Structure formats: structure tokens, C-alpha cells
Amino acid sequence: MVLELKNIEKSFGEKKVLTGVSFKAEGGKAFGLLGRNGAGKTTSIRILMDVFPANSGEVLIDGQPIDYNKIGIGYLPEERGLYPKKIIIDQLTYFAELKGMGRKVAVQSIDYWLGRLGMTEYRNKKLETLSKGNQQKIQLITALAHDPDIIILDEPFSGLDPVNAMLLKDVVKEQIAKGKIVLFSSHQMSYIEEFCDSIAILNNGVVALQGDLHDIKRDYPRDRLVVKTETPDAIIADFGSTCTVMENGNLMIRLADPSEKKATMTRLVETYDIDEVKVYEPSLNDIFVEYAGDAAQED
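Residue numbers restart at each chain and count upward from 1, following the sequence in its written direction. For this predicted model, a pLDDT threshold of at least 70 governs which residues receive local features, and a threshold of 80 or more governs which side-chain atom pairs are given and counted, while totals over whole chains, interfaces and linings are taken from all residues. For side-chain calculations, the full set of non-hydrogen atoms in the structure is used, while hydrogens and water are omitted.

**Here's the deal with the pairing of strand β11 (residues 224-229)**
Exposure is judged per residue with a 1.4 Å probe applied to protein chains only, and the accessible area is read against the type maximum: over 50% gives exposed, under 20% gives buried, and values in between give partly exposed. Secondary structure elements are defined from DSSP: runs of H or I of at least 4 residues count as helices, runs of E of at least 2 residues count as strands, and each element is numbered from the N terminus. For β11, a buried count of five out of six residues is recorded, marking the element as mostly surrounded by other parts of the structure. Any two strands with at least two DSSP-identified bridges between them are counted as paired. In terms of strand pairing, β11 meets strand β13 (residues 251-254) through four bridges, oriented antiparallel. Across the sheet, L225 pairs through a bridge with I253, a residue of β13. Bridge count between β11 and strand β14 (residues 274-279): five bridges; the pairing is antiparallel. Within the sheet, the bridge partner assigned to V226 lies in β14 and is K278.

This is the structure in C-alpha cells:
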């Protein structure tokens, strides 16, 4: 299954929020939708979910207009939206029934997920009695209980301790393995790098960069070397302003041209006590900073 947003345009009054936004997400893979606050992520997600229509453009599944009566969507919003004073099983059942599930099947699915997430003891408690992290797990159940085809996770790891974050990672990997389309929207780049095969970066309502994350990294100019050494001073003195110290203590050497990397690596190894030297590969955070831009507009 392939989800595609194609040439999406959206304005609110005279304010244009999305301009020709297009990207694809495939089943069995995770896709990262990135951008600064106000870049258009939330608007894109709402159009995808049919919360409101685009001015023009299409949302497609396998090349055909999406049929929301046949394609289930699960959504974990950044701003949680459950009822703090309501009993957990009651409101989870209510939300599952809104997604078209019968009550008996809904309760069975909810009980499975309560057990899967270690939340069974809270089944008949009010939501407000739970910690922030456990409330987030209850919110996650609303996104998964109806077994959706498309799962949208907006800042899913926010507020989770390391143990619960690991549990959520396992759940996400299970959903990907089942062939679901999983779409991440997050500012926590480490999670995007861990899960996502492909990304799109929005900047002021346009797609500034998209594609396979590995290919994007490989396409960057390979004109920097990372050097790990216990004796950095001599190298710094030798390479001058082209050599800088990274936050982790390693050295970064910027080459005048990528063609110099082999000769420079040989020179380093033969001249100095080097533990490791390699071509620098940009992190997703580096890429995000470059393409997300300085300006932002309202979502």
C-alpha cells in the first residue's frame, strides 16, 4: 500500500499555508514528516485525515483517491485529547466505536492493548489518576485499537521515560512489520533516524527536501573527515583553520575538495597516532537545520 499526497495546496483566507506539497509513504516502512513549528506539518496531517479539505491536490492510496470508509487511520496527536475525569475503559471503548468497531470487539482489542502496554491495572481508573507517561500510553491505544492501515504519530515519545520509550519502539516496529504505513512527525531526530526509511522536510509550506534518508546522506559532499586521536594538538597545528574540535572531542578536517580525502587519510595515518579516521556523514539534525529554514508560519 502506498499513500501519496499530491500537489496539495491550502490557504486560510489570504494566507497560503501549503504550496504544492507532495510526498509518498509506503506500507511496511516508516516515513518522517519534518519541519519547524509552523512549517505546514499539522495542516498536511489534517488534510490527510480529512479533517478539512485541501484547496486543490489529492490524497491517494495506490494511485486512487483515498476512501475513508475503507482505509482506517490511527492518530496520536501531540496535544493529548482524552477526558481526565472519565473511566479509561469507557472512553477507549467510545473512541473505538467512533472508528466503526462493535462494542464487544472494541473491548477485546482494548484489553489486548492494555495488557500489551502494561496498563491493565488502570482499566477502571480515571485518566487523571495516571502519570503523564501512562496517559500517553492510553492515548496510543486510541490510535491502535481499531487496527488502522495508516498510523500517524505526532511527537510519540514526548514525556516517556526510557522504559516506556523502549516499549513504544517495540510496538511501532511490530506495526511496521505488519505492513502498516507509519508516519512520524517529531523534532526528536534520533527517533526519526532510528525508524524512518524516507523523510520529507517542510519549510514554509513547501517540501524543501524529500527522499530515502540513506541516499540523502550519501549525496552530501564527502569533503569532511572525522579523526579520533589521543594526541590532537599536533594535528590541529598542522591543519590549521581547516581542523576544528567537535563536541565529543574528535577532530573534523574540512577538505578543499572531496578528491583529497584518500591522500589526507593516508597522511594522517602515516604521520600521527590515529585511532580512527572516516568520512563525516551528516546527522539528520544537520540536514534538518540546513533545510528547515529560519522563517516559520502558522500551521
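Next comes the rest of the description.
**Focus on the side chain of T229**
Inspection of the secondary structure assignment puts T229 in strand β11. You can call T229 buried: its relative accessible area is 12%. Pairs of N or O atoms within 3.5 Å make up the polar contacts considered here, provided that, within protein, one atom can donate a hydrogen while the other can accept it, and that residues adjacent in sequence are counted only when both atoms are side-chain atoms. In terms of polar contacts, T229 uses its side chain to reach the backbone amide nitrogen of T231, at 3.1 Å. Here D273 takes part through its backbone oxygen, which lies 2.8 Å from a polar atom of the side chain of T229. Setting aside chain neighbours within four positions, we find T229 in contact with I235, L251, D273, I274 and D275. We call two residues contacting when some pair of their heavy atoms lies within 4.5 Å.

**Some details on the sheet that holds strand β3 (residues 30-35)**
Taken together, six strands build an open sheet; the order of strands is β6-β7-β8-β3-β9-β10 and the sheet is mixed. Edge strands, defined here as strands with exactly one partner in the open sheet, are β6 (73-76) and β10 (206-212). On average, adjacent strands in this sheet sit at an angle of 15° to one another, irrespective of strand direction. Judged from the six bridges that link them, strand β9 (residues 196-203) and β10 form a sheet pairing that is antiparallel. Across the sheet, residue S198 finds its bridge partner in β10, namely D212. Orientation is described by lines fitted to C-alpha atoms, with helices fitted over the stretch in contact, and by angles between N-to-C directions that extend from 0 to 180 degrees. Sitting on the sheet, helix α4 (residues 132-144) touches β6 and β7 (150-154), and the angle it makes with β6 is about 165°.

**A closer look at the packing of helix α2 (residues 88-98) against helix α3 (residues 103-116)**
It is at 9 Å that the axes of α2 and α3 come closest, and there the two elements cross at 125°. Here α2 lies oblique to α3, going by the angle between them. Pair α2 / α3 crosses with right-handed handedness. Along its contact with α2, which presents I89, L92, T93, A96 and E97, the element α3 presents R103, A106, V107, I110, D111 and L114. Classes in brief: Ala, Val, Leu, Ile, Met, Phe, Trp, Tyr, Cys and Pro nonpolar; Asp, Glu, Lys and Arg charged; the others, Gly included, polar. Grouping the amino acids of the contact of α2 with α3 by side-chain chemistry returns seven nonpolar, one polar and three charged. Here the angle decides the label: under 35 degrees means roughly parallel, over 145 means roughly antiparallel, 65 to 115 means roughly perpendicular, and every other value means oblique. Helix crossings get a hand from a simple test, with the near helix turned counterclockwise from the far one by less than a right angle marking a left-handed crossing and a clockwise turn marking a right-handed one.

**Regarding α4**
The periodicity of an α-helix, 3.6 residues per turn, causes residues three or four positions apart to be oriented the same way. How far a helix is expected to stretch is found by multiplying one less than its residue total by 1.5 Å. Over its 13 residues, α4 extends 19 Å from the first C-alpha to the last, a length consistent with the 18 Å expected when each residue adds 1.5 Å. By the criterion of burial, α4 is predominantly enclosed, with 11 of the 13 residues buried. Among the residues making up α4, those that are buried are G133, N134, Q136, K137, I138, Q139, L140, I141, T142, A143 and L144. Elements in contact with the buried residues of α4: β6, α2, α3, β7 and α5 (162-177).

**Let's talk about the layout of surface pockets**
Definitions used throughout: a 1 Å grid over protein atoms alone; a cavity as a set of points that fits a 1.4 Å probe which cannot get out; a pocket as an open set with protein on both sides within 12 Å along at least five of seven lines; a lining residue as one with an atom within 4 Å of a point. Grid points are joined across faces, edges and corners, and a volume is the space filled by probe spheres set on the points. Quantified by volume, the largest pocket comes out at close to 590 Å³. Along the wall of the largest pocket there are 23 residues; nearest its centre are M49, I73, Y75, K99 and H146. Class assignment of the residues belonging to the lining of the largest pocket gives a composition of 12 nonpolar, seven polar and four charged. Taken as a whole, the second largest pocket holds about 320 Å³ of empty space. Surrounding the second largest pocket, 16 residues form its lining, T42, R46, Y75, E78 and D154 being those nearest its centre. Among the elements that make up the lining of the second largest pocket, the one with the highest residue count is helix α1 (residues 41-48) (four residues). The residue makeup of the lining of the second largest pocket, split by class, is five nonpolar, five polar and six charged.

So yeah, pure geometry; function would need other evidence.
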